[in-house]
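Per-entry structural report
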Amino acid sequence: ELKSRALKRGLPAFIRIFKETRELELWLQPKKGEAYQLFRSYPIAVFSGYLGPKTREGDMQAPEGFYAFGKSLLNPASRYHLAFNIGYPNAYDRHHQRTGSLIMVHGRRVSIGCFAMTDPVIEEIYLVIEAALNLGQPQIPVHIFPFRMTPERLDQARIDKDPNLNFWLQLREGHEAFDVKKLPPVVSVQEGIYKFQP
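No experiment lies behind these values; they were computed from the predicted model shown.

**A closer look at the environment of Leu2**
Topologically, Leu2 is positioned in the segment before strand S1 (13-18). For Leu2, a relative accessible area of 16% gives the class buried. Spatially, the C-alpha atom of Leu2 lies 9.9 Å from that of Leu28, the residues being 26 residues apart in sequence. Not counting residues up to four positions away in its chain, the partners in contact with Leu2 are Leu7, Lys8, Arg9, Leu28 and Phe39.

Have a look at this one:
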């Protein structure tokens, strides 16, 4: 399938997750500097909690925000078949004193704050990301959103007076930064706010 799309294992990878529609997108970059291409969108079998960020250890929430992981966070010996740690908490979470650890994307169909993909699905994702890291990509970005950040969906959040709206508007900036050029933005945290560079 990779070959049929002029792609191959070992290309730089990028992951986006949308909680509301239970989707994990795997993107690959054909050549350095080129736009990423969507390789596949996978159904998320299970994630725990509701829309909104993880704020503390034991809240059963799956995070939202901008994360990244390197080779040291791969776990081929996971009791959930295969797994990788997304890198929660990040600098934003730490600034806001959010706690928690060991947030994974893994196999099987059970979650206590992680994203469970089923065994066959995690096998495919894992092979692609492992090859990217083995061939020199230092970290794979993982951007996690509550939903697709459309004006209509954000308007609904405003109507609902959702307490997460201001946080979600920060996430929208990162979402749009990728959508414009199909290149993951450089993400930093300044005074507790996400900042993005193309």
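**Some points on the packing of aromatic side chains**
One pass over the structure, following the stated rule, counts 14 aromatic pairs. Centre to centre, the rings of Tyr92 and Phe167 are 5.6 Å apart; their planes meet at 40°, and the pair counts as tilted. Of the two residues, Tyr92 is situated in helix H1 (residues 91-95) and Phe167 in helix H4 (residues 165-181); the sequence distance between them amounts to 75 residues. The residues Tyr92 and Phe167 share a single accessibility class, namely buried. The interplanar angle of 5° and the centroid separation of 4.4 Å between the aromatic rings of Tyr92 and Tyr194 together place this pair among those described as stacked. Of this pair, Tyr92 sits in helix H1 while Tyr194 sits in strand S12 (residues 193-197), and the two are 102 residues apart along the sequence. Taken as a pair, Tyr92 and Tyr194 share a single burial class, namely buried. Within the aromatic cluster, the residues linked to one another by ring pairs are Phe18, Phe66, Tyr92, Phe145, Phe167, Tyr194 and Phe196. Over the aromatic face of Phe147 sits the side chain of Arg153, whose NZ or CZ is 4.1 Å from the ring centroid.

**Looking at the layout of surface pockets**
The space that makes up the largest pocket amounts to roughly 370 Å³. If you go around the largest pocket, you meet 19 residues; those closest to its centre are Tyr80, Ser101, Leu102, Ile112 and Cys114. Looking at the lining of the largest pocket residue by residue, the classes come out as nine nonpolar, seven polar and three charged. Quantified by volume, the second largest pocket comes out at close to 310 Å³. In this structure, the second largest pocket is lined by 15 residues; those nearest its centre are Ala68, Gln139, Ile140, Pro141 and Pro185. Those elements giving two or more residues to the lining of the second largest pocket turn out to be strand S5 (65-69), strand S10 (140-145) and strand S11 (186-190). When its residues are assigned to classes, the lining of the second largest pocket shows 12 nonpolar, three polar and no charged.

**Quick notes on helix H3 (residues 151-159)**
Along H3, the positions that sit buried rather than exposed are Arg153, Leu154 and Ala157. Around the axis of H3, the buried residues are gathered within 100° of arc, so they sit on the same side. Pointing more than 90 degrees away from the buried face of H3 are the exposed residues Pro151, Glu152 and Ile159. Along its buried surface, H3 packs onto H4. A positive phi of about 55° marks Lys161, the residue just after H3.

Rules used in this analysis
- Residues numbered from 1 in each chain as written.
- Predicted model: local features only at pLDDT ≥ 70, side-chain atom pairs only at ≥ 80, totals over all residues.
- Heavy atoms only, no water.
- Helix = DSSP H or I, 4+ residues; strand = E, 2+ residues; numbered from the N terminus.
- Buried < 20%, exposed > 50% of the residue type's maximum accessible area, 1.4 Å probe, protein only.
- Contact = heavy atoms within 4.5 Å.
- Phe/Tyr/Trp six-rings, centres within 6.5 Å; stacked < 30°, edge-to-face > 60°.
- Lys NZ or Arg CZ within 6 Å of the ring centre and 35° of its normal.
- 1 Å grid on protein atoms, 1.4 Å probe; cavity = no way out; pocket = protein on both sides within 12 Å on 5 of 7 lines; lining within 4 Å.
- Points joined across faces, edges and corners; volume = space filled by probe spheres on them.
- Nonpolar A, V, L, I, M, F, W, Y, C, P; charged D, E, K, R; others polar.
- Arc of directions from axis to C-beta.

That's the geometry; what it means functionally is another story.
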